[in-house]
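Take a look at the letters that make up each chain.
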Amino acid sequence: MTMLQALSRLGERMEAEGHLPPLGYSPEKISFVISLHEDGTPANVRDLRDVTGKKPLPSTVAVPQAIKRTSGVTPNFLWDKTAYVLGVTAGEGKRLAEEHAAFVERHLTELKDADDAGLVALRLFLERWTPADFIAPLWQEAMKDQNVVFALESERRSRYLHDRPAAKALWARMNASADTTLGICLVSGETAPIAVLHPSIKGVWGAQSSGASLVSFNQASFESYGHEQGLNAPMSVAAAARYGGALNDLLRRDSGHSVQIGDASTVFWAEAVDPDVSADDMAIVEAVSQLWFSDVPEVDLTKQSAEVGAALSRLRSGEPVALVRPKLAKGVRFYVLGLSPNAARLSVRFYLEDDFGAVAERYNRFAAEMRVDPPPRTTSLALWRYLLEVAVLGKRENVPPTLAGEWMRSILAGTPYPLTLLSSVLVRLRADGDVNAMRVAILRALVIRNFRLHPEKEAPVAFDPENTNRGYLLGRLFAVYEQIQQAALGNVNASIKDKFYSAAAAQPQKVFALLDKGSAPHLSKLAKQKPGYKVVLEKHVSSIMELMQPGADPFPIALAPQEQALFGLGYYHQRNEFFKSTKDVAAQEEVAQ
């Protein structure tokens, strides 16, 4: 199934369940409703915004399909922003008079024969209204540049003007009379009216706030065989509306199915293809996918049924879906789509469709490769958090543009990770010297999958005193030299990690001779202050040296990138070994003495 077919099917299901407006309508952000008396005089203005937070948020209302604006002046029907409806704006409004005149002209033309009380009231209001009438207290400054709808005063809390049967019938006639071209829809395969312009997609980070196009043809160089715009890739009006509505709903900030991963706005959803899949099964899929992608609080298992809670616990521990819930493995299809901005259009960074069981198996493989002990402080395993470790200042906007898409594709498809991820992590380690659990986990995963190292023998989860890989050993040795300095001098402004980590990981032959020479006075000082601990640290150095093989060039001129990754892993493991309880350290000193 293609991406647009999958989105169209999702839109069809959402429409049937009442989560999407019917064909010809679109959910839009509406801030105010203007209520009118039947003679067209304004009665009241009601604020629809949610003002509980720091910033007022508009309500989402299903209104007649929004016009796709480019540079022309085109008013919407029965609703719009105040520049069109009332002729007022907070800015300069260079085309203000033209926009308001277009709104008035369209509605006076369409409503001239209307006999419905609500439509007549709107016509009378527009005939008499002038922008000079916008005076407080009825007309508030906060209204300017916001979207507004109308209602009759007698029913202002029950329905809007565009929801009246006469308004719906008029809008249906207007759509039916529009020029349409019949063709075979590439999504459904049926003969139907073809969409010339596709819906605008909103909510993609970095794209235009008014929306961007996923499918568009706006220049002759993109067109073929004399077709114009959407006729070059024929899709029915219904299919276009469904995929657009579904995608806009997924991209809502509070949808629970959207997450920003680098420059890619990522959405995910599931579809039950086996009729035997139950609501509890889909609740499990929802909870597991939230754990993968979104930074949401842990699901409270006490609020789930005992069966669902037990299944979630087993899936979180890494058990295969086929063993925990056999129906989910093949009976549910899982979809992931990543979009990034490209001027007025959208680029597809990645798209994956597969059985939920297959996706879960690949994610479990990824999670196993990313395991490291001690683990990261955060309990969240959301994928986007890892990419912050390669971003300057830890900001999402600084993640390398194509890295997010390549990395996500490798996780979901089970292919090798992008090598740019390895170089990016190593660059950040050299830049700030922060050898934390998240970065070490990425390095471990890279050497296991890309360089086929054994996950236990060569790239272990926890500290391995028997590991003989020279990168791992050099990382451990560097951590010991750092501990010798800290034990002798305490916390200093610039430790050997701050000064030498980057050089030691890349060119060990140059640095380790200096470190060994520099450790001598520190050990001499320790001999006077903590003689037992001095012996302990010397034993650490000698035990690491014993594992090195002279014939294998233990202090090479340079380390390859994968060995630099193991250097970081060895350093992290050895460094955390020194953070044991004081009782353990005291016991080691007694044995040494």
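Structure: see above.
Keep in mind the model is a prediction, meaning the values are calculated, not measured.

Asks: How should the pattern of salt bridges be read in this particular structure?
Replies: Pairs can form between side chains of opposite charge whenever their charged atoms are close. All chains considered together, the criterion is met by 27 salt bridges. The partner of Arg365 in a salt bridge is Glu369, and the shortest N-O contact between them spans 3.2 Å. Here Glu369 and Arg365 lie together in helix α11 (residues 356–369), a separation of four residues that amounts to about one turn. Given a relative accessible area of 39%, Arg365 falls into the partly exposed group. Across the pair Arg439 and Glu389 runs a salt bridge whose closest N-O atoms are separated by 3.2 Å. Placement of the pair is Arg439 in helix α15 (residues 437–449) and Glu389 in the loop between α12 (383–387) and α13 (403–413), with a sequence separation of 50 residues. The same class applies to Arg439 as to Glu389, namely buried. Ionic contacts of the salt-bridge type, sharing partners, join the residues Lys330, Arg333, Glu353, Asp354, Asp355 and Arg362 into one network.

Asks: When you look at the nonpolar core in this model, what are you seeing that I'm missing?
Replies: One recurring pattern in soluble globular proteins is that nonpolar side chains are buried together. By size, the foremost hydrophobic cluster in this structure holds 94 residues, and its most contacted members are Phe293 and Phe334. Core analysis: the next-biggest nonpolar cluster, separate from the first, contains 32 residues, Tyr25, Leu78, Val104 and Leu170 among them.

Asks: When you look at the packing of aromatic side chains in this model, what are you seeing that I'm missing?
Replies: Between two aromatic rings, the relevant description is the distance of the centres plus the angle of the planes. Tallying each qualifying case throughout the model produces 19 aromatic pairs. Ring geometry for Phe478 against Phe567: centres 6.0 Å apart, planes inclined by 50°, an arrangement best described as tilted. Taken together, the positions of Phe478 in helix α16 (residues 470–489) and Phe567 in helix α20 (residues 561–577) put the pair 89 residues apart, joining distant regions of the chain. By relative accessible area, Phe567 is classed as buried at 0%. These aromatic residues form a ring-pair network of at least three members: Phe478, Tyr481, Tyr501, Phe512, Phe555, Phe567 and Tyr571.

Asks: Just to check I follow, could you spell out the sheet that holds strand β5 (residues 79–81) for this structure?
Replies: On the basis of which strands lie adjacent, the open sheet formed by four strands has the order β3-β2-β6-β5 and mixed pairing. What marks the edges here is a single partner per strand, and that holds for β3 (42–47) and β5. Adjacent strand axes in the sheet meet at a mean angle of 30°, parallel and antiparallel pairs treated alike. Summarising the sheet, β5 and strand β6 (residues 147–152) pair through three bridges and their orientation is antiparallel. The residue of β6 that forms the bridge with Asp80 is Val148.

Asks: Is there a simple way to think about the pairing of strand β12 (residues 345–355) in this case?
Replies: Regular strands have side chains that alternate between both faces of the sheet. With ten bridges connecting them, strand β11 (residues 332–342) and β12 associate as antiparallel partners. Note that in β12 the partner of Phe334 across the bridge is Asp354. Taking the residues that link successive antiparallel strands as the turn, the β11-β12 hairpin has two residues, and the phi of Ala343 there is positive, at about 60°.

Asks: What is the right way to read the pairing of strand β10 (residues 264–272) from this model?
Replies: Of all nine residues that make up β10, eight are buried, and the element is covered over most of its length. Taken together, the four bridges between strand β9 (residues 258–261) and β10 define a ladder with antiparallel strand orientation. Each bridged residue has a counterpart across the sheet, and for Val259 the counterpart in β10 is Thr266. Connecting β9 to the antiparallel partner β10 that follows it, the hairpin turn spans two residues, and Gly262 within it adopts a positive phi of roughly 65°.

Asks: Can you help me understand the sheet that holds β10 in this one?
Replies: Sheets are built from strands that pair by backbone hydrogen bonding, the pairs being arranged parallel or antiparallel. Here we have four strands laid out as an open sheet, ordered β9-β10-β11-β12, and antiparallel in their pairing. The open sheet has two edge strands, β9 and β12, and neither has a second partner. Strand-to-strand twist across the sheet, computed as the mean angle between neighbouring axes with direction ignored, equals 25°. Running at roughly 65° to β10, helix α1 (residues 3–16) makes contact with β10, β11 and β12 of the sheet. Contacting β9, β10 and β11, helix α7 (residues 279–293) runs over the sheet at an angle of about 35° to β11.

Asks: What is the right way to look at the side chain of Gln564 in this model?
Replies: Along the chain, Gln564 falls in helix α20. Judged by its relative accessible area of 8%, Gln564 falls in the buried class. One polar contact links the side chain of Gln564 to the main-chain carbonyl oxygen of Leu559, over a distance of 3.0 Å. Setting aside its immediate chain neighbours within four residues, Gln564 contacts Leu426, Arg430, Ala505, Ala506 and Leu559.

Parameters and conventions
Sequence order as written defines the numbering, with residues in each chain counted from 1. Per-residue local features of the predicted model are confined to residues with pLDDT of at least 70, and side-chain atom pairs are confined, for both listing and counting, to 80 or more; whole-chain, interface and lining totals are unaffected and use all residues. Neither water nor hydrogens contribute to the side-chain values; these are computed over all heavy atoms in the structure. When a carboxyl oxygen of Asp or Glu is within 4 Å of a side-chain nitrogen of Lys or Arg, the pair counts as a salt bridge. What counts as a helix is a DSSP run of H or I of at least four residues, what counts as a strand is a run of E of at least two, and both are numbered from the N terminus. For each residue, the accessible area found with a 1.4 Å probe, counting protein chains only, is set against the maximum for its type, and the residue is called buried under 20%, exposed over 50%, and partly exposed in between. Residues enter a nonpolar core if they are buried and are Ala, Val, Leu, Ile, Met, Phe, Trp, Tyr or Cys, with the set joined through side-chain atoms within 4.5 Å. When two rings of Phe, Tyr or Trp (its six-membered ring) have centres within 6.5 Å they constitute a pair, described as stacked for plane angles under 30 degrees, edge-to-face for angles over 60, and tilted for the intermediate range. At least two bridges found by DSSP between two strands are what make those strands a pair. Note on geometry: axes are lines fitted to C-alpha atoms, helical ones only across the stretch in contact, with angles between N-to-C directions running from 0 to 180 degrees. What makes two residues a contact is simply this: any of their non-hydrogen atoms within 4.5 Å. Polar contacts, as counted here, are pairs of nitrogen or oxygen atoms within 3.5 Å of one another; within protein the pair requires one atom able to donate a hydrogen and one able to accept it, and residues that are adjacent in sequence qualify only if both atoms are side-chain atoms.

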